[in-house]
Amino acid sequence: LVVAEGLRVLEEATSAGCTLEAALVNDNFGADPRERALLEMWSARNVPVRCAAASLMRRLSDVVSPQGALALVQVPLLTLATLQERPNPMILCLCGIQDPGNLGTLLRTARAAGASLVCSTAGTVSARSPKAIRASAGAFFRIPVVEGLRAIEFLEYCRARGIPLYQADPRAEHPYWTFDFKGPAAIALGNEARGLA
């Protein structure tokens, strides 16, 4: 289970078909048309919804201005072995990203760029953290994420499928726009301060 918080994130989790174990809303939630639409979708899917005082919601939330709703969402743990493979995959591999906000932003960017998979190596912050999920604007629920890989596992996965692996490096001789990413490709991004090991 992961905690999803905020209207946009909850809309994405719901429309992606994820199973919501339970939702908690403050006593003002439902006044806005988007909020009402979300409550109607939850009702149609028999999601248990409980109401809480705004003061309790503020204590449960770790954002400065809570939007009045959060939910527990079922998200299965994925492995490379259980993934359904796609033709011409675009894979983002995150190696040592430490800030959950950065990781969430990378998930959102990967989805916008049409990536089919995001992987992370051991030592990378979890994409399942509430801050990463919020920063992803719900993209976490729309793209498969495999976490905690050893670097060699990912390299072998790409090698076995003939997927070229590119390393993001600010000192590289070739800018990213000179590569043709129409075929299969994997891009490895390193730690915010140290880059790739």
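Residues numbered from 1 in each chain as written. Predicted model: local features only at pLDDT ≥ 70, side-chain atom pairs only at ≥ 80, totals over all residues. Heavy atoms only, no water.

Draft legend 1. Region of the structure containing the layout of surface pockets. Taken as a whole, the largest pocket spans an internal volume of roughly 590 Å³. Lining the largest pocket are 21 residues, and of these A168, Y176, F181, I187 and L189 lie nearest its centre. Elements represented by at least two residues in the lining of the largest pocket include exactly β5 (90-94), α4 (100-112), β8 (165-167) and β9 (185-189). The residue inventory of the lining of the largest pocket, partitioned by class, reads 16 nonpolar, three polar and two charged. (1 Å grid on protein atoms, 1.4 Å probe; cavity = no way out; pocket = protein on both sides within 12 Å on 5 of 7 lines; lining within 4 Å. Points joined across faces, edges and corners; volume = space filled by probe spheres on them. Helix = DSSP H or I, 4+ residues; strand = E, 2+ residues; numbered from the N terminus. Nonpolar A, V, L, I, M, F, W, Y, C, P; charged D, E, K, R; others polar.)

Draft legend 2. Expanded view of the state of the cysteines. Taken as a whole, this structure holds zero disulfides when the rule is applied. Free of any disulfide, C95 has its nearest cysteine sulfur in C93, 3.9 Å distant. (Disulfide = S-S within 2.5 Å.)

Draft legend 3. Structural view of the side chain of T14. If you trace the backbone, T14 turns up in helix α1 (residues 7-15). Assessed through its relative accessible area of 3%, T14 is described here as buried. Sequence-distant contacts of T14, defined by excluding residues within four places in its chain, comprise L20, L38, M41, W42 and R45. (Buried < 20%, exposed > 50% of the residue type's maximum accessible area, 1.4 Å probe, protein only. Contact = heavy atoms within 4.5 Å.)

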